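The primary structure of each chain is shown beneath.
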Amino acid sequence: IRLKCGREVPSVNEATTLEAPSGAIDQLGHSLQRIIHAFAEADEDAKIFMAKFDIKDGFWRLDCAEGEEWNFAYVLPQREGQPTRLVVPTSLQMGWVESPPYFCAASETARDVAAQYVEMELGTLKSHKFVDYAMGGDDVKALPRKSDSNDFKYFLDVYVDDYLAMAIATSQEQIEHVANAVMTGVHHVFPADKNDENDPLSLKKLKKGEGEMSLFKEMLGFDFDGDKKTMQLESKKREFLLAVLTKWIRTASSKTAGIEFAEFESVISKIRHGFMCIPGGKGLLTPCNRIIAKRPRRVFLHRNRRLTTALKDMRTLIREATANPTKCKELVMGPPDYIGVKDASIHGVGGFIVGQEKSCLPTVFRMEWPQWVKDEVLKTNAGKKGTLTNSDLEMAGLLLLWLVMEEVCDLSAGTHVALFSDNAPTVSW
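Rules used in this analysis
- Residues take numbers from 1 onward in each chain, read along the sequence in its written order.
- The predicted origin of the model limits local features to residues at a pLDDT of at least 70 and limits the giving and counting of side-chain atom pairs to 80 or more, whereas totals for whole chains, interfaces and linings rest on all residues.
- Note: side-chain values were computed over all heavy atoms of the structure, leaving out hydrogens and water.
- The method works on a 1 Å grid over the protein atoms by themselves. A cavity is a set of points holding a 1.4 Å probe that cannot get out, a pocket is an open set with protein on both sides within 12 Å along at least five of seven lines, and residues with an atom within 4 Å of a point line them.
- Grid points are joined across faces, edges and corners, and a volume is the space filled by probe spheres set on the points.
- Here a helix means four or more residues in a row that DSSP labels H or I, a strand means two or more in a row labelled E, and each is numbered from the N terminus.
- Under the pairing criterion, centres of Phe, Tyr and Trp rings, with the six-membered ring standing for Trp, must be within 6.5 Å; the plane angle then separates stacked pairs below 30 degrees from edge-to-face pairs above 60, leaving the rest tilted.
- Only protein chains enter the accessibility calculation, which uses a 1.4 Å probe; a residue is then buried when its area is under 20% of its type maximum, exposed when over 50%, and partly exposed in between.
- Pairing between two strands is assigned when DSSP locates at least 2 bridges connecting them.
- The axes used here are C-alpha line fits, helices contributing only the stretch in contact, and every angle between their N-to-C directions lies in the interval 0 to 180 degrees.
- Contact between two residues is taken to exist if any of their heavy atoms lie within 4.5 Å; hydrogens are not considered.

**Student:** Just checking my understanding: could you explain empty space enclosed by the protein for this structure?
**Tutor:** Gaps between atoms show up when a probe of the same size as a water molecule is rolled over them. Tallied over the full model, the rule gives two cavities of 30 Å³ or more. Reported here for the largest cavity is a volume of approximately 60 Å³. Counting residues per element, the ones that place at least two in the lining of the largest cavity are helix H7 (235-250), helix H8 (261-274) and helix H10 (305-323). Roughly 30 Å³ of internal volume is contained in the second largest cavity. Lining the second largest cavity, in full, are Arg111, Ala114, Leu156, Asp157, Tyr163, Leu164, Ala165 and Val182.

**Student:** Would you explain the packing of aromatic side chains in this entry?
**Tutor:** The relative placement of two aromatic rings is captured by the distance of their centres and the angle of their planes. Evaluated as defined, the whole model comprises eight aromatic pairs. Note on Phe39 and Phe224: the rings are 5.1 Å apart at their centroids and 50° apart in plane angle, and the pair reads as tilted. In this pair, Phe39 sits in helix H1 (residues 31-41) while Phe224 sits in strand E7 (residues 222-225), placing the two residues 185 residues apart along the sequence. Phe224 carries the same exposure label as Phe39, and that label is buried. Site record: aromatic cluster; members linked through ring pairs are Phe59, Phe103 and Phe190.

**Student:** How should the pairing of strand E8 (residues 230-233) be read in this particular structure?
**Tutor:** When E7 meets E8, the two strands line up antiparallel, connected through four bridges. Counterpart to Phe224 in the pairing with E8 is Met231. Taken together, E7 and the strand that follows it, E8, pair antiparallel across an intervening segment of four residues, in which Lys229 is found at a positive phi of about 55°.

**Student:** Explanation requested: the sheet that holds strand E12 (residues 338-344) in the structure shown.
**Tutor:** Taken in spatial order, the four strands of this open sheet run E14-E13-E12-E15, and their pairing is mixed. Only two strands of the sheet have a single partner each, and these edge strands are strand E14 (363-368) and strand E15 (417-420). Taking the axes of each pair of neighbouring strands and ignoring which way they run, one obtains an average angle of 15° across the sheet. Pairing analysis gives six bridges linking strand E13 (residues 348-355) to E14, with the strands arranged antiparallel. Pairing of Gly348 across the sheet is with Glu368, part of E14. Packing of helix H12 (residues 390-408) onto the sheet brings it into contact with E12, E13, E14 and E15, and relative to E12 it is tilted by some 145°.

Structure, rendered in C-alpha cells:
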C-alpha cells in the first residue's frame, strides 16, 4: 500500500507470519471423495439418511486475540468533508490469508466432538433445541420409533462451515441421536445463542429443510440418493452445462463465432468438477486441456474437430447421467468381482475368465482370426503397407474378452472387473 507521502506499507496479508494449522484446510479437497467412498461401501439394501448443518457468519464466530484486532482496522467509506470513521473488527475477516485455516481448525474440532457424542449410548444425549428440524421428514417418519438393535453406522464430515451427517439407521431414535450429537458438538465450539435467529447453526437453512434427515440430499454440489446409493451433478448445474455446450456446438461451423477463452476455461472447469460423478468423462478433457495450455484469446471450434467431437460426447454423457445417476460403487476402486485374461497372436485370440469376489462359471475361450486378418498382419510384419498390427489384434482380443464376460458374468452396475493384457498399447487404450 502506497501512502500519499510516498511511503509503502505492507498489506495485512503481506505482513502476516503464517502460523495457523494447515492440516484442517488440507482436508477440504477430500470431503467429496470420502462421501463417495462411504456410499460405495454401504450394503445394497442399506438406506443412508443425510442432513446438512450450516454455520451462520462463519469467520465472525472466531474472535481475535486481545490487541490483535487493530490489524484489521479500516476506514469506513464516507462523503468528502465528513469525519473519518474507523472500523476495528474483533473477529476474523474475509480476505485474511489465515482466516480459512483457523476457521477450518475450529470446525474440524467441532466435528470430532460430535463424533464422540455419536459414540455415546442411545438416550444419553439431551434433546437439542433444533432437533425437530431433523426429524420432520417423511423418510424418518416411516421408520419405527425404536428397533431391536442399537447398532447403526454413521459418517460425519465438514466442508469449511457445512457439517454433513449420514447414518444407516433402522429407527427414529438412532436418527435423533445422530442429529443431537452433531448439533451439540457444534455448539461446544460455537456457543449457542439465546436468540435462535442469531444462533451459529443457521436457523434459516434449517427451516429450508437442509437439516432434515432424508434419503435424498444435495451435498457439495451433487445430488445424492441414499436408497439407490447414486449421485449426479446438481440439477441447476446440469442444466447450465447442457445449455452452454449446446450453444457452443451450434456455432461449431461458424468461422466468426468464437468462444471467449475466459468463458471456455470457466465452463471446462465446471465440467471437470461434474465428471467426478461420471465414469470415463475425464478422458474427454484432453483436447480441452491442450487449448487451455495455449490460452488463446478465442476458441474456434471449426478449426478443431477433435475438440468439437469431445464437446458433443460431453453433452451426451451429462444427458445420460441425468437419466441414469451413477452408482457410487462405479467411482471407487475395489477388489475385482471377476478377472479376465487374454492374449492374441497372428493366429488367433484366447483367454479365460474366473470369479473373485463373485462366482461365475470358469470359462476358457479361443477364436482363430479370419485369413484376411492374418494376411494384413503378415504384410505389416514384412514391411509392406498392411492395415493391421499385432497391437490391433490385442485390442480386438480385449473387446472379445469383454463380450464373453457379458455372457458368463453378472456385469450389473457397480461390478468391479479386472482385465489383464501383456500389450502396452492395449493397456493404455
